[in-house]
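Chains, contacts and geometry: an overview
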Amino acid sequence: MQQDDLVKKGQFYFIYNRPPHLVMEDKTKRGLEIREHVLDEKYGVESDRGVIYDMDGIGHKVGIRWFFPQSKYTLEQVIKSAEEMESRYRAIREMTCPDDE
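A short tour of the structure in this document, coming up. Every chain is numbered independently, its residues counted from 1 as its sequence is written. Side-chain atom pairs in this predicted model are given and counted only at pLDDT of 80 or more, local residue features only at pLDDT of at least 70, and totals for whole chains, interfaces and linings cover all residues. Side-chain numbers come from the whole structure's heavy atoms, not from hydrogens or water.

As for the nonpolar core
As a rule of thumb, nonpolar side chains are buried together in soluble globular proteins. So the rule is basically this: What we call a nonpolar core is a set of buried Ala, Val, Leu, Ile, Met, Phe, Trp, Tyr and Cys residues that are connected through their side-chain atoms within 4.5 Å. Exposure classes here rest on a 1.4 Å probe applied to the protein chains alone. A residue is buried below 20% of its type maximum, exposed above 50%, and partly exposed in between. Secondary structure elements follow DSSP: runs of H or I of four or more residues count as helices, runs of E of two or more count as strands, with numbering from the N terminus. Any two residues whose heavy atoms approach within 4.5 Å at even a single point are treated as in contact.
Within the largest apolar cluster, 14 residues are counted, with the highest numbers of intra-cluster contacts made by I15, M24, Y43, W66, F68, V78 and M85. Of all the secondary-structure elements, those providing two or more residues to this core are β2 (13-18), β3 (21-26), β6 (59-69) and α1 (75-96). Ranked by residues supplied to this core, first place goes to α1 with 5 residues. Ignoring sequence-local partners within four residues, the contact set of M85 consists of F12, Y13, M24, E25, D26 and W66.

Quick notes on the side chain of D48
Rules: Side-chain atoms alone can form a polar contact between residues adjacent in sequence; in general such a contact is a pair of N or O atoms within 3.5 Å, and within protein one must be able to donate a hydrogen while the other accepts it.
Secondary-structure assignment places D48 in strand β5 (residues 46-53). Classification of D48 as buried rests on a relative accessible area of 8%. A polar contact is formed between the side chain of D48 and the side chain of H37, at a distance of 2.7 Å. In contact with D48, other than residues within four places in its own chain, are I34, E36, H37, V62, G63, I64, R65 and F67.

Description of the environment of G50
By the element assignment, G50 lies in strand β5. Judged by relative accessible area, G50 falls into the buried class, the value being 1%. Through-space distance from the C-alpha of G50 to that of I64 is 6.7 Å; in sequence the pair is 14 residues apart.

Regarding the pairing of β3
This is how the line gets drawn: Pairing between two strands is assigned when DSSP locates at least 2 bridges connecting them.
Taken across its 6 residues, β3 has 5 buried, putting it largely inside the fold. Turn length for the β2-β3 hairpin, with the two strands adjacent in sequence and antiparallel, is 2 residues. One ladder, built from 5 bridges, connects β3 with β6; its direction is antiparallel. Considered in β6, the bridge of M24 is made with W66.

Some remarks on the environment of G44
You can see G44 is positioned in the loop between β4 (36-39) and β5. G44 gets classed as partly exposed once you look at its relative accessible area, which sits at 46%. Sequence spacing of G44 and F68 is 24 residues, and the spatial spacing of their C-alpha atoms is 8.8 Å. For G44, the residues in contact, after removing those within four places along its chain, are L39 and Y73.

Quick word on the sheet that holds strand β1 (residues 6-9)
In plain terms, the rule: For helices, the fitted line uses only the C-alpha atoms of the stretch in contact; every axis is such a line through C-alpha atoms, and the angle between N-to-C directions lies from 0 to 180 degrees.
Taking strand neighbours across the sheet as the criterion, the 6 strands line up as β1-β2-β3-β6-β5-β4 in an open arrangement whose pairing is antiparallel. Edge strands, defined here as strands with exactly one partner in the open sheet, are β1 and β4. In this sheet, adjacent strand axes meet at a mean angle of 30 degrees when their direction is disregarded. By the bridge criterion, 3 bridges tie β1 to β2 in an arrangement that is antiparallel. Looking at the pairing, L6 lines up with Y16 of β2.

Listed below in structure tokens is the structure:
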């Protein structure tokens, strides 16, 4: 994604204006290889997904970026989804690294 398309960023996300989509990107997944482009069950939009392996070597499919059609979603709706993701990551960080605040 190009920086000049950036419309909003948080600690854990970017939102880009890439007509005909608003693209929400998970910063924690930057550099992860895209393995599939599928319909995301949670958001109901197309998404790029990759695989992260846990310490047992089991692969887990994870979202990298989501493509919200501008004909159906406003920037405010995408920001709301991004802020929910941001809240989840902050809660995880507080549980796992309480002294890093």
